[in-house]
Amino acid sequence: MKTNSLDFDAQALREKILDLAMRGKLVPQDPNDEPASVLLEKIKAEKAELIKVKKIKKTKPLPPITDDEKPFDIPDSWEWVRLGDVGEIFAGGDKPKDYSIIKDEEHQIPIYSNGIKNKGLYGFTEVARVFRPAVTLSARGTIGHVEYRSEPFLPIIRLISFVPYDDSYLKCIFYFLQSKQLIEKGDGSSIPQLTVPKLKPKILPLPPLSEQSRIAAKIAQLFALLRKVETSTQQYAKLQTLLKSKVLDLAMRGKLVKQDPNDEPASVLLEKIKAEKQELIKEKKIKKTKPLPPITDDEKPFAIPDSWEWVRLGDLVAPVEYAMADGPFGSNLKKADYTDQPEVRIVQLSNIGENGWKDDNVKYTTFEHLKLIQRSEVFPGNIVIAKMMPAGRAILIPNKDKKYVLSSDAVKFIPNDLLNKQFLLDAINSNAYRNQVNQKLQGTTRPRTSLKKLKNFILPTPPLEEQERITREISKLLALALM
């Protein structure tokens, strides 16, 4: 049985490993180990010596650690310490005037910034600021991203350096600093950031030195194993994506299942949809709307079987009010309208996954506020399409919360009951539709589409009987890919 990449969360496993390590539960304690209190005295002595020889400046002592600060219990041989008491912590400066993008004879010292790519390597210069092994943490961007630096380097702006007074305990601290329990998103209102004054008093557990070596070795071993599994699952996920794309592409071209000459052609199905709409307009049960423009030959991206038809998505909606609508403007659904109670679930971009509903980033508004934005209410089984990041992906709303309402960057699509809903969902997620979306995106930093454009993009529409055969075949093939 292959590993399902959708069920594998490497980051959550890393956090669990770090949590066990910091609580003294990853490796056994050895009563013969010299306790951490002895190590702490050595660190204090080393710090005092560095101050005496003027290699570091004397700083104001940090306050003692109270019992209320300690987030969990640690073994008796361990100690809680403040980060600023076991090493220097400082922010990087401006980039040097004389530096090179590549390493050459004059520029040998690496310059590191807060970037993640290539471990934040910015360039090379002549003079280092840090000469001993150290750990760096990004102060902006990916807050708290940690890197181990074993050679002299120059840190620049938005990068914080931690240089221990003795590098014997650095590897363990390097791993512990990767835990979300120690480093949060950072401080700041408009732009989150990590700051030196907030980092210095943070507390972390300090194991005996011998146990630190065992902990660091075990974490390294487990993280290496996770990377192998992660690489494998990422490759598998890519194969799944490629297979899904190919299956949907064949399906939308009429090449996945055979056509049956006994099927009622799609043209008859579309006439029934039009007739139903006209009758409801005549009975004044729905309002007459401006018709969408005829489809030109230039719009059709490929040939389809004779029994099929190209149709605009907006012409396939159910004959009900707000069958295709987007979420409210931000001013109509603000944070002030949120509630901690599980009343009306807000459908956000983060809930619209490439493979269906993602049940994370849970937010609710009130039943009362829903009355003000009722056009954006969405129901279990409705299709929802993302306007951005990436635009065009579609899901079905699950039946798990009491009520649902769209956020501003989502569009609901309630298909006509005469059509196969699953086929339409697959069609929207296929390249036949998504390519149209991508070709007409607007914006540079956050490219997006609009409700009007989504209505006007076209879909290949088979006879109803063939729609059902296609969805069964897609389901069967994709199920085989997950085995």
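Every residue gets a number counted from 1 within its own chain, in the order that chain's sequence is written. Per-residue local features of the predicted model are confined to residues with pLDDT of at least 70, and side-chain atom pairs are confined, for both listing and counting, to 80 or more; whole-chain, interface and lining totals are unaffected and use all residues. To get the side-chain values, take all heavy atoms of the structure and skip hydrogens and water.

*Asks:* Report on the side chain of R82, specifying residues and quantitative values.
*Replies:* Runs of H or I in DSSP of at least four residues are treated as helices and runs of E of at least two as strands, each being numbered from the N terminus. Residue position: R82 is located in strand β1 (residues 79-82). Judged by relative accessible area, which is 3%, R82 ranks as buried. A distance of 2.6 Å separates a polar side-chain atom of R82 from the backbone oxygen of P63. Once residues within four sequence positions are removed from consideration, R82 is found in contact with L62, P63, P64, I65, E69, K200, P201, K202 and I203. Under the scheme applied here, a residue whose accessible area is under 20% of the maximum for its type counts as buried, over 50% as exposed, and between as partly exposed, the area being computed with a 1.4 Å probe on protein chains only. Think of a polar contact as two N or O atoms within 3.5 Å of one another; within protein, one of them needs to be a possible hydrogen donor and the other a possible acceptor, and neighboring residues in sequence only count if both atoms come from side chains. Contacts between residues were defined by any pair of non-hydrogen atoms, one from each residue, lying within 4.5 Å.

*Asks:* Tell me about helix α2 (residues 36-52), and name the residues and values.
*Replies:* Expected span of a helix: the number of residues minus one, times 1.5 Å. Its 17 residues give α2 an end-to-end C-alpha distance of 24 Å, which sits within 8% of 24 Å, the value for a rise of 1.5 Å per residue. Among all positions of α2, only A36, L39, L40, I43, K47 and L50 are buried. Buried residues of α2, viewed axially, fall in a sector of 100 degrees; they line one side. In the core, the buried residues of α2 are packed alongside β1, β9 (203-206) and α5 (209-252). Where α2 ends, the next residue or the one after it, K54, has phi of about 65 degrees, a positive value. Think of it as the arc spanned by the lines of direction from the helix axis to the C-beta atoms.

*Asks:* Provide a residue-level description of the pattern of salt bridges, including the pertinent values.
*Replies:* Here, a salt bridge means any Lys or Arg side-chain nitrogen found within 4 Å of an Asp or Glu carboxyl oxygen. Throughout the structure, instances matching the rule amount to 25 salt bridges. For D249, the salt bridge identified is with R253, shortest N-O distance 3.2 Å. On the basis of relative accessible area, R253 is assigned to the partly exposed category, the value being 30%. Linked by salt bridges that have partners in common, R345, D359, K400 and D401 make up one network.

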